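Coordinates in review
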Amino acid sequence: MWTKNDMPDQSGKKVMVTGANAGIGFETALAFYEKGAHVILAGRNLTALEQASGKIRSLKGNGSLEIAVVDLSSLEAIRQFASQFLSTHSSLDILINNAGVMIPPEWKTTDGYELQIGVNFLGHFLLTGYLYPLLAAQEGSRIVTVSSMAYLRGKIDFSNFRSENSYDAMREYCQSKLANILFSLELHRRISKANGNVLSVATQPGANKTELVRHMSEEDYNAALERFGELMEPWQGALPSLMAATWPGVKGGDFYSPDKDGGIRGYPVLFPLEPHALDKAVAKQLWEWAEHDTGFSYSF
Ligand SMILES: NC(=O)c1ccc[n+]([C@@H]2O[C@H](COP(=O)([O-])OP(=O)(O)OC[C@H]3O[C@@H](n4cnc5c(N)ncnc54)[C@H](OP(=O)(O)O)[C@@H]3O)[C@@H](O)[C@H]2O)c1
């Protein structure tokens, strides 16, 4: 059973966690802080980030903290953030692509993409691309991308990323979480091809008590509780990310998930993926679409 106690000391490491002000991201950031890392709390809301930072500081730990305001629903905001970050930082060891939004009412990003594919996938695609040179320059660096077992029901519909045809909140969430895994694996393949050393790893946290359900009706939430049973606390949902980011046995292209009840709860293990998440042709097409639409190409 892998727990926070198995995390090696993180002194000297610089770690960025997106969506660090709440839920699983907060617990991920806290664990790195406790282990001595310099943790960059990334999110879109300065006040919420300052509150999270204050809370972490008041707890036990010998790390250090920094706040990074970046709204993943705007490609221009990501460009501006990255430009400023790259001019003030010369290293990054770990990037945790954790931020996410689930089943909002139909909504678009600043650039006109359906919110979930835009934030959960495309925003992280661009952010990771900008930060990649910093990660590539560090020995033993890792990129962890947080998905969900919702990926099982995901299907990539290239004709509907802007909700051109229709909007189904849960369908688009599942799509975005499949996109997270396809991205993580495609990134791993591209890094390997370029003989790079950065590990790209995907995770999913199981079912946890967080604010992710803010857009769910009470009726749907109760139905979900009935289906999933008791939810885990977010500290436990953070374990797959923490394991993927720090355990020495991790390999690029791995997927970590809680081990029980089909990934719904438990402690993190290397977990099998269903064939549609391993589809290299779809992953390549998604990557090329993201490159085209962001106008950004990774430098491997
Ligand atoms: N909770 C679960 O049971 C569960 C299950 C499977 C997968 N996951 C995944 O776990 C990850 C973390 O979710 P959580 O459960 O911790 O949810 P949460 O408590 O709602 O936290 C989500 C975080 O993402 C941030 N975020 C949302 N939109 C953003 C944007 N446009 N730009 C920057 N940051 C943004 C939120 O910031 P604000 O506070 O400003 O909104 C918040 O910090 C997500 O990727 C989710 O899909 C969660």
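Residues numbered from 1 in each chain as written. Predicted model: local features only at pLDDT ≥ 70, side-chain atom pairs only at ≥ 80, totals over all residues. Heavy atoms only, no water.

As for unusual backbone geometry
Across the chain, the bulk of peptide bonds are trans and the bulk of non-glycine residues have phi less than zero. What counts, and what does not: Under the DSSP-based scheme used, a helix requires at least four consecutive residues in state H or I and a strand at least two consecutive residues in state E, with every element numbered from the N terminus. For every residue, the accessible area (1.4 Å probe, protein chains only) is compared with the maximum for its type, and the residue is labelled buried under 20%, exposed over 50%, or partly exposed between those bounds.
Residues other than glycine seldom take positive phi values, yet asparagine 195 does so here, at roughly 60°. Take asparagine 195: it is sitting in the loop between α5 (169-193) and β6 (199-203). Here asparagine 195 falls in the exposed class, since its relative accessible area comes to 68%. Backbone geometry at aspartate 261 places phi at a positive 50°, although glycine is not the residue there.

Points about the packing of helix α4 (residues 115-136) against helix α9 (residues 280-294)
Our working definition: Only the contacting stretch of a helix is used when fitting its axis, a line to C-alpha atoms as for every element, and angles between N-to-C directions run 0 to 180 degrees. By the definition adopted for this analysis, an angle is roughly parallel if under 35 degrees, roughly antiparallel if over 145, roughly perpendicular if from 65 to 115, and oblique otherwise. In what follows, residue pairs with any heavy atoms lying within 4.5 Å of each other are defined as contacts.
Closest axis-to-axis distance for the α4/α9 pair is 10 Å, and the angle between their directions is 70°. Judged by the angle between their axes, α4 and α9 are roughly perpendicular. Contacts from Phe121, Leu122, Phe125 and Leu126 in α4 reach Leu286, Trp287, Trp289, Ala290, Glu291 and Thr294 in α9.

So, the site of the ligand
We count it as follows: For this description, a residue counts as near a given molecule or strand if any of its non-hydrogen atoms is within 4 Å of it. For the purposes of these results, a polar contact is taken to be a pair of N or O atoms within 3.5 Å, where, inside protein, one atom must be able to donate a hydrogen and its partner to accept one; residues adjacent in sequence count only when each atom of the pair is a side-chain atom. All accessible areas in this document rest on Shrake-Rupley with a 1.4 Å probe, and a residue is counted as covered only by the protein chains that are shown. As a working rule, the residues Ala, Val, Leu, Ile, Met, Phe, Trp, Tyr, Cys and Pro are called nonpolar, Asp, Glu, Lys and Arg charged, and the rest polar, with Gly in that last group.
The environment of the ligand is formed by 28 residues, the closest being Arg44, Tyr173, Asn208, Thr210 and Arg214. A distance of 2.8 Å separates an oxygen atom of the ligand from a polar atom in the side chain of asparagine 21. Leucine 72 is positioned with one of its backbone polar atoms (N or O) 2.9 Å from a nitrogen atom of the ligand. For the ligand, the accessible surface in isolation is 890 Å², of which the surrounding protein chains cover 94%. At the level of elements, α1 (23-34) and α5 are the ones that each hand at least two residues to the shell around the ligand. Of the residues belonging to the shell around the ligand, the class tally is 11 nonpolar, 12 polar and 5 charged.

Topic: the packing of aromatic side chains
To keep things clear, this is the line we draw: Ring geometry is summarised as follows: Phe, Tyr and Trp rings, the Trp one being its six-membered ring, pair when their centres sit within 6.5 Å, and such pairs are stacked at plane angles under 30 degrees, edge-to-face over 60 and tilted between the two.
Overall, the coordinates contain 20 aromatic pairs when judged by the stated rule. When the centroid spacing of 5.2 Å and the interplanar angle of 70° are considered together, the rings of tyrosine 132 and phenylalanine 300 count as edge-to-face. Here tyrosine 132, found in helix α4, pairs with phenylalanine 300, found in the segment after α9; they are 168 residues apart in sequence, far enough to count as distant. Judged by relative accessible area, which is 3%, tyrosine 132 ranks as buried. Ring geometry for tryptophan 287 and tyrosine 298: centres 4.7 Å apart, planes at 50°, overall tilted. Of this pair, tryptophan 287 sits in helix α9 while tyrosine 298 sits in the segment after α9; the two residues are 11 residues apart in sequence, bridging distant segments of the chain.

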